[in-house]
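# Topology and contacts: notes
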Amino acid sequence: MSQERTLELLKRSEAFLEGHFLLSSGRHSGGYCQCAKLLRYPDMAAEALRDVAEALRALGVSKVCGPAMGGIVVSYELARQLGIESIFTERVDGEMQLRRGFGVDSSDRILISEDVVTTGKSTMETVRLLESMGAEVVAVACIADRRGDDCELPFPVYSAVKLNISTYDADDCPLCRDGKLPLVKPGSRKLPLK
């Protein structure tokens, strides 16, 4: 599937938003990809991730692990298409953990799944946890890759679409200076509005 088709699905599901947003990283942006709006439609989610899953088949992945919240449904859908196990990490007292009886060991080749990758912070928190438990992380997969040139991850990233949306330091945000759009916090990580 083309990136244009993925973007069409994001827009049709109202997952691609424009405004003034506080990202989980603490940075500000004029655009936001709320993939939960796409993921509420199983047929659209399956279509958006079909080519990503196909590209991952050769990696020999044994489990897909999605950081909560955004990576959970993506993990499930990729695991469903690949015919493997889906697990997720979640924050407890600000730290990523595997809970609910999930486990990994040295025999596992893990794919990290995200809805959107921007800074790689949640991804790398999850990688450190899984590697500390002996698993091998082999790749990252997402619906939308929003990484800038300054965000290198030590794994290949497989995405359905690459989005180039500018982000700004909170202290140097042109949207804040303009003052026309209120700052909105759409993600799941708890951050104060500044």
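Everything below is about the structure shown above.
Values in this document were obtained by computation on a predicted structure and should not be read as measured data.

## Thoughts on helix 4 (residues 70–82)
Relative to the 18 Å expected for 13 residues at 1.5 Å per residue, helix 4 spans 19 Å between its end C-alpha atoms, a close match to the ideal helical length. By the burial criterion, the buried members of helix 4 are Gly 71, Val 74, Ser 75, Glu 77, Leu 78, Ala 79, Gln 81 and Leu 82. Close packing links the buried residues of helix 4 with helix 2 (36–39), helix 3 (42–56), strand 3 (63–67), strand 4 (85–92), strand 6 (109–117) and strand 7 (136–145). Gly 83, located one to two residues past helix 4, shows a positive phi value of around 70°.

## Describing the packing of helix 3 against helix 4
Viewed as axis vectors pointing N to C, helix 3 and helix 4 meet at an angle of 60°, and their least axial separation amounts to 9 Å. Comparing the axis directions of helix 3 and helix 4 gives the class oblique. The way helix 3 lies across helix 4 gives a crossing that is right-handed. Taken together, the residues of helix 4 that come into contact with helix 3 (itself represented by Ala 45, Ala 46, Leu 49, Arg 50, Val 52, Ala 53 and Leu 56) are Val 74, Glu 77, Leu 78, Arg 80, Gln 81 and Leu 82. Of the residues belonging to the contact of helix 3 with helix 4, the class tally is nine nonpolar, one polar and three charged.

## Side note on the sheet that holds strand 3
With respect to topology, six strands assemble into an open sheet ordered 5-4-3-6-7-8, the strand pairing being mixed. Here the strands that pair on one side only, and so sit at the sheet edges, are strand 5 (95–98) and strand 8 (157–162). Here the average twist between neighbouring strands, direction ignored, is 25°. Examined bridge by bridge, strand 3 and strand 6 share three bridges and lie parallel to one another. Paired with Cys 65 across the strands is Ile 112, a residue of strand 6. Taken strand by strand, helix 4 contacts strand 3, strand 4, strand 6 and strand 7, and its axis lies near 130° from that of strand 6. In the packing of helix 5 (residues 121–132) onto the sheet, contacts are made with strand 3, strand 4, strand 5, strand 6 and strand 7, and the angle to strand 6 comes to roughly 165°.

## What to know about unusual backbone geometry
The omega angle of the peptide bond from Ala 68 to Met 69 is 5°, so this bond is cis rather than trans. Tracing the sequence through the fold places Met 69 in the loop between strand 3 and helix 4. The backbone phi angle of Glu 14 is positive, close to 60°, even though this residue is not glycine. Within the element layout of this structure, Glu 14 appears in the loop between helix 1 (3–12) and strand 1 (16–22).

## Some remarks on the nonpolar core
In terms of nonpolar packing, the biggest core is built from 31 residues, with Leu 10, Leu 38, Leu 78, Leu 111 and Ile 143 touching the most fellow members. At the level of secondary structure, the elements contributing two or more residues to this core comprise helix 1, helix 2, helix 3, helix 4, strand 6, strand 7 and strand 8. Broken down by element, the residue count for this core peaks at seven residues, all from helix 3. Setting aside residues up to four positions removed in sequence, Leu 38 forms contacts with Leu 9, Leu 10, Ser 13, Ala 15, Met 44, Ala 45, Ala 48 and Ile 143. Counting 17 residues, the second largest nonpolar core, distinct from the first, contains Cys 65, Leu 130, Val 137 and Leu 153.

## Notes on the environment of Phe 21
Within the element layout of this structure, Phe 21 appears in strand 1. Considering only alpha carbons, one finds Phe 21 and Met 124, 103 residues apart in sequence, at a separation of 23 Å. Beyond its immediate stretch of four places on either side in the chain, Phe 21 contacts Arg 27, His 28, Ser 29, Gly 30, Gly 31, Tyr 32, Leu 183, Val 184 and Pro 186.

## Quick word on the sheet that holds strand 1
With respect to topology, three strands assemble into an open sheet ordered 1-2-9, the strand pairing being antiparallel. Across the chains shown, the open sheet's two edge strands, defined by having one partner strand only, are strand 1 and strand 9 (167–168).

## Some thoughts on the state of the cysteines
Across all of its chains, the model carries zero disulfides by this definition. The structure places no disulfide on Cys 33, whose sulfur is separated from the nearest cysteine sulfur, that of Cys 35, by 3.6 Å. For Cys 33, a relative accessible area of 4% puts it in the buried group. A disulfide-free cysteine, Cys 151 has its sulfur positioned 10 Å from the sulfur of Cys 142, the nearest such atom.

Rules of the game
- Residues numbered from 1 in each chain as written.
- Predicted model: local features only at pLDDT ≥ 70, side-chain atom pairs only at ≥ 80, totals over all residues.
- Heavy atoms only, no water.
- Helix = DSSP H or I, 4+ residues; strand = E, 2+ residues; numbered from the N terminus.
- Expected span 1.5 Å × (residues − 1).
- Buried < 20%, exposed > 50% of the residue type's maximum accessible area, 1.4 Å probe, protein only.
- Contact = heavy atoms within 4.5 Å.
- Axes fitted to C-alpha atoms, helices over the stretch in contact; angles between N-to-C directions.
- Parallel < 35°, antiparallel > 145°, perpendicular 65-115°, else oblique.
- Left-handed = near helix turned anticlockwise from the far one by under 90°.
- Nonpolar A, V, L, I, M, F, W, Y, C, P; charged D, E, K, R; others polar.
- Pairing = 2+ DSSP bridges.
- Core = buried A, V, L, I, M, F, W, Y, C linked by side-chain atoms within 4.5 Å.
- Disulfide = S-S within 2.5 Å.

By themselves, these observations are geometric and do not establish any function.
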